[in-house]
Amino acid sequence: MAVTILDTGAEAVIEKHPHKDGSAGSFIVKKRVEKTYRHPMLDKSLRQFRTRREAKILQTLQTLGFPAPNLQHLNDRETEIHMQYIEGDKVKDILEENHVLYSREIGRRVAELHMKDIIHGDLTTSNMIRCKETQKIHFIDFGLSKISDKVEDKAVDLHLLERALESKHHKIFKECFENVKIAYAEINPQHQLVFERYEKVRTRGRNKAK
Ligand SMILES: Nc1ncnc2c1ncn2[C@@H]1O[C@H](COP(=O)(O)OP(=O)(O)O)[C@@H](O)[C@H]1O
Ligand SMILES: [Mg+2]
């Protein structure tokens, strides 16, 4: 089996590699490539910072047993991560099949992250894969994640998710987000504070758009 390129995003190239020892399955190599429009030194340190941060969070998630790819390797130059390949469907492509159930699962998972003070930073249905093996929704793409106990950061995370649902799943997004919130509230005892702040974040966003 050869190496295949799965994605060349704005920030990284995602390659799928067969295991070198011939064992079944694959792993993902996420390479943050040089951006020539940035100063070379700034570019390198930014790529290293984001890669290290992503690696650190993946490690933490592993110890928590949270459904995300296991970290397998961080390369010497620290601009490349090797991680577990999650085989399955992108939630973006299957949400409509069972949107209430999936939205509830997403809400529970986001609540679990927030209770550990992990802010995902890019909650979209393209960054969630329903794993064929575990049948769970696994979260990926922790390049913009951070550790924070601030209610504001959690509220912004939820608001970004709402915006992402609105833009990619317009017909059902209201019901989806309602169910995200229901499940989130069941898990996170801090939900009331987060929701109150979320309303403020929303109003702020609306006023800015005017
Ligand atoms: N561990 C993984 N398992 C399976 N597919 C992955 C994995 N990591 C990334 N991908 C695929 O590559 C795409 C881009 O990866 P992502 O980490 O989201 O990078 P970007 O920051 O460019 O969005 C994902 O939407 C997904 O399709
Ligand atoms: Mg992504």
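Residues numbered from 1 in each chain as written. Chains lettered and ligands numbered in written order. Predicted model: local features only at pLDDT ≥ 70, side-chain atom pairs only at ≥ 80, totals over all residues. Heavy atoms only, no water.

Moving on to the sheet that holds strand 1 (residues 4–8). In spatial order, the strands read 1-2-3-5-4; together these 5 strands make up an open sheet with antiparallel pairing. Each end of this open sheet is capped by a strand with a single partner; those strands are strand 1 and strand 4 (71–74). Mean inter-strand twist for the sheet, computed between neighbouring axes without regard to direction, equals 20°. As defined by bridge partners, strand 4 adjoins strand 5 (residues 80–84) across 3 bridges and the pair is classed as antiparallel. Bridge pairing in strand 5 links His73 to His82. (Pairing = 2+ DSSP bridges. Helix = DSSP H or I, 4+ residues; strand = E, 2+ residues; numbered from the N terminus. Axes fitted to C-alpha atoms, helices over the stretch in contact; angles between N-to-C directions.)

Take the packing of aromatic side chains next. Think of a pair of aromatic rings as described by two things: how far the centres are apart, and how the planes are tilted against each other in angle. The final tally for this structure, using the stated rule, is 3 aromatic pairs. Pairing Phe66 with Phe139 gives two aromatic rings, centres 5.6 Å apart and planes at 85°, and the pair type is edge-to-face. Of this pair, Phe66 sits in the loop between helix 1 (40–64) and strand 4 while Phe139 is found in strand 9 (residues 137–139), placing the two residues 73 residues apart along the sequence. When sorted by exposure, Phe66 lands in the same class as Phe139, which is buried. Summarising the aromatic geometry, the rings of Phe177 and Tyr198 are spaced 5.5 Å apart at their centres and angled 40° between planes, so their arrangement reads as tilted. (Phe/Tyr/Trp six-rings, centres within 6.5 Å; stacked < 30°, edge-to-face > 60°. Buried < 20%, exposed > 50% of the residue type's maximum accessible area, 1.4 Å probe, protein only.)

Take the pattern of salt bridges next. Here the structure, examined in full by the defined rule, presents 17 salt bridges. Measuring nitrogen to oxygen at the nearest pair gives 2.9 Å for the salt bridge that ties Arg32 to Glu11. You can see Arg32 sitting in strand 3 (residues 26–32) and its partner Glu11 sitting in the loop between strand 1 and strand 2 (12–18), a full 21 residues away along the chain. Among the residues examined, Arg32 registers a relative accessible area of 3% and is labelled buried. Judged by relative accessible area, which is 25%, Glu11 ranks as partly exposed. In this structure, the salt-bridge partner of Glu54 is Lys30, at a minimum N-O distance of 3.2 Å. Taken together, the residues span a long stretch of sequence, with Glu54 in helix 1 and Lys30 in strand 3 at a distance of 24 residues. For the residue pair Glu54 and Lys30, the accessibility class agrees, reading buried in each case. (Salt bridge = Lys/Arg side-chain N within 4 Å of Asp/Glu carboxyl O.)

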